[in-house]
Amino acid sequence: LFLEMKRRKEKMLANMKFIGHLFLRSLLAVAAIGQVVHDLVGIREKLPEEHTIECVCELLQAIGYTLDQTPNGKDLMCKVYGRLVDLKRQSGPDGNAAYSQHVQFLIQ
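The notes below deal with the structure included here. Nothing here was measured: the structure is a model prediction, and the numbers come from that model. Residue numbering note: each chain is counted from 1, following its sequence as written. Restriction of local features to residues with pLDDT of at least 70 applies here, the model being predicted, together with a cutoff of 80 or more for giving and counting side-chain atom pairs; totals for whole chains, interfaces and linings are based on all residues. Where side-chain values are given, they derive from all heavy atoms of the structure, hydrogens and water being excluded.

What follows concerns the environment of I53. Counting through the fold element by element, I53 comes out in helix 3 (residues 50–68). Think of it in three bands: with a 1.4 Å probe and only protein chains considered, a residue is buried below 20% of the maximum accessible area for its type, exposed above 50%, and partly exposed in between. Relative accessible area serves as the criterion here: at 0%, I53 is assigned to the buried category. I53 sits 50 residues away from V103 along the chain, and the two C-alpha atoms are 7.3 Å apart. Residues are treated as being in contact if the distance between any of their heavy atoms lies within 4.5 Å. When residues no more than four places from it in sequence are discounted, the contact partners of I53 are V41, P48, L84, L87, Y99, V103 and I107. By definition, any uninterrupted DSSP run of H or I lasting at least four residues is a helix, any uninterrupted run of E lasting at least two residues is a strand, and each is numbered from the N terminus.

Encoded structure:
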């Protein structure tokens, strides 16, 4: 079971890299990137899982510089970063941080 979950996480991260490369080759618009990010970490009733946050961080690492060069992309980056910082500050039901130190470090 653990190996299956790890394999799925690696596939998701690879998909984020692929989406990032499509954007860098101008095959995806900023709006599509915004939709992907919203689907992963948009505001919902429950907090997103750690692996989805890792996926967003992976995507932003791949395309952040290029995305920041466009007017719409700069706005999207500000919103996404604000959301990630909010998630980083969230606490779980037991009062501890909702996410592991690994994810908190990725958000920095």
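Next comes the rest of the description.
The largest bend along helix 3 measures about 55° and falls at A62. All buried positions along helix 3 are accounted for by T52, I53, E54, C55, V56, C57, L59, L60, I63, G64 and L67. Each element contacted by the buried residues of helix 3 is listed here: helix 1 (2–24), helix 2 (30–41), helix 4 (71–89) and helix 5 (101–107). Here the bend at a residue means the angle between the axes of two seven-residue stretches, the one that ends at it and the one that starts at it.

The next subject is the pattern of salt bridges. Close approach of charged atoms allows side chains with opposite charge to pair. Here, a salt bridge means any side-chain nitrogen of Lys or Arg that lies within 4 Å of a carboxyl oxygen of Asp or Glu. Counted according to the given criterion, the structure contains four salt bridges. Residue E4 is joined to R7 by a salt bridge in which the shortest nitrogen-to-oxygen separation is 2.9 Å. Pair noted here: E4 and R7 are both in helix 1, with a separation of three residues, about one helical turn. R7 gets classed as partly exposed once you look at its relative accessible area, which sits at 39%. Residues K9 and E54 are paired through a salt bridge, measuring 3.2 Å at the closest nitrogen-oxygen approach. With K9 in helix 1 and E54 in helix 3, the pair connects residues that are 45 residues apart, well separated along the chain. Exposure remark for E54: the relative accessible area of 9% places this residue in the buried category. Several salt bridges converge on common partners, so that one network encompasses E4, R7 and R8.

This part covers the environment of G64. In this structure, G64 sits in helix 3. Residue classification places G64 among the buried residues on the basis of a relative accessible area of 8%. Counting along the chain gives ten residues from G64 to K74, while the straight-line C-alpha distance between them is 9.1 Å.

Axes, fitted as lines to C-alpha atoms, cover a helix only where it is in contact. Angles between the N-to-C directions of the axes lie from 0 to 180 degrees. Contact geometry of helix 3 with helix 4 gives a least axis separation of 11 Å together with a crossing angle of 150°. As far as their axial angle goes, helix 4 and helix 3 are roughly antiparallel. Between helix 3 and helix 4 lies a crossing of left-handed hand. Contact with helix 3, carried on its side by I53, V56, C57, L60, G64, L67 and D68, involves G73, K74, L76, M77, V80, L84 and L87 of helix 4 and no other residues of that element. Angles below 35 degrees are treated as roughly parallel, those above 145 as roughly antiparallel, those between 65 and 115 as roughly perpendicular, and all remaining angles as oblique. For any pair of crossing helices, the crossing counts as left-handed if the nearer helix is rotated counterclockwise from the farther one by less than a right angle, and right-handed if it is rotated clockwise.

Geometric descriptors of this kind do not, in isolation, establish any biological role.
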